[in-house]
Amino acid sequence: MTENAAEPRLIVETGLDARIADIIEPVLADIGFQLVRVRLNSQNGLTLQIMAERLDGTMTVEDCEEVSMAVSPVLDVEDPIDKQYHLEVSSPGIDRPMVRKADFARWQGHIVKCETSIVVDGRKRFRGKIAECGDEGFVLERDQIAYGEEPRVTIPFSALSEAKLILTDELIRDALRADKLAKQQAANQNDEPGEDEQ
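Residues numbered from 1 in each chain as written. Predicted model: local features only at pLDDT ≥ 70, side-chain atom pairs only at ≥ 80, totals over all residues. Heavy atoms only, no water.

(A) Looking closely at the packing of helix H2 (residues 15–30) against helix H3 (residues 61–78). Running from amino to carboxyl end, H2 crosses H3 at an angle of 135°, the nearest separation of the two axes being 10 Å. Taken together, the axes of H2 and H3 lie oblique to each other. Between H2 and H3 lies a crossing whose hand is right-handed. On H3, the residues that touch Arg 19, Ile 20, Ile 23, Ile 24, Val 27 and Leu 28 of H2 are Val 67, Ala 70, Val 71, Val 74, Leu 75 and Glu 78. Within the contact of H2 with H3, the residues separate by chemical class into 10 nonpolar, no polar and 2 charged. (Axes fitted to C-alpha atoms, helices over the stretch in contact; angles between N-to-C directions. Helix = DSSP H or I, 4+ residues; strand = E, 2+ residues; numbered from the N terminus. Parallel < 35°, antiparallel > 145°, perpendicular 65-115°, else oblique. Left-handed = near helix turned anticlockwise from the far one by under 90°. Contact = heavy atoms within 4.5 Å. Nonpolar A, V, L, I, M, F, W, Y, C, P; charged D, E, K, R; others polar.)

This is how it looks when you write it as structure tokens:
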């Protein structure tokens, strides 16, 4: 298992969503995925949205099907939702929620919008570029600076309540490049053992 597999999420669910996350997270880990977010909402009656990804950050349609087939029987047995619901499995997408320290390190240099549970440097909502990432928090270069504010602010990971990447041309380019590289690495790993073809 890679380092990311054991890394806990910084931003986690509460209530029934947390119970569902506790049920499915070990199942996902067993098949090589990590949970990004669980959300139960009243869309189309009742919809359980599970956002997951492979440890390398990729997620294909086939991966979504694999996750769905793995978690469905466990959810049926545990039965945490007492009503009929639709199961929706998806990738985090390009403008993804940021839930692990590794997300901030991986997407350093990109714009994030975040909210804290406590006041940090006079406010709770921030938007700007991830300038640096450390063990305890990250440095944000604000793109909207109010009078008297410093252009850079350090946000402790322990204070985060929500964080999401903002869609930009640079983010799309880098996400597509990272996805292509991950697919090439996966293909190379599959080709390595005993290649007999000419």
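(B) A look at the pattern of salt bridges. Within the structure shown, the criterion is met by 17 salt bridges. When the shortest N-O distance is used, the salt bridge between Glu 53 and Arg 96 registers 2.7 Å. Separated by 43 residues along the polypeptide, Glu 53 in strand S2 (residues 47–54) and Arg 96 in the loop between strand S3 (86–90) and helix H4 (101–106) bring together distant segments of the chain. Classification of Glu 53 as buried rests on a relative accessible area of 2%. Taken together, the shared-partner salt bridges connect Arg 9, Glu 13, Glu 25 and Arg 100 into one network. (Salt bridge = Lys/Arg side-chain N within 4 Å of Asp/Glu carboxyl O. Buried < 20%, exposed > 50% of the residue type's maximum accessible area, 1.4 Å probe, protein only.)

(C) Inspection of the sheet that holds strand S6 (residues 137–142) at higher detail. Within the open sheet, the 5 strands sit side by side as S7-S6-S5-S4-S8. Their pairing is antiparallel. Since the sheet does not close on itself, it has two edges, and those belong to strand S7 (152–156) and strand S8 (160–165), each with one partner. Going across the sheet, the axis of each strand differs from the next one's by a mean of 45°, ignoring polarity. By the bridge criterion, 5 bridges tie strand S4 (residues 111–120) to S8 in an arrangement that is antiparallel. (Pairing = 2+ DSSP bridges.)

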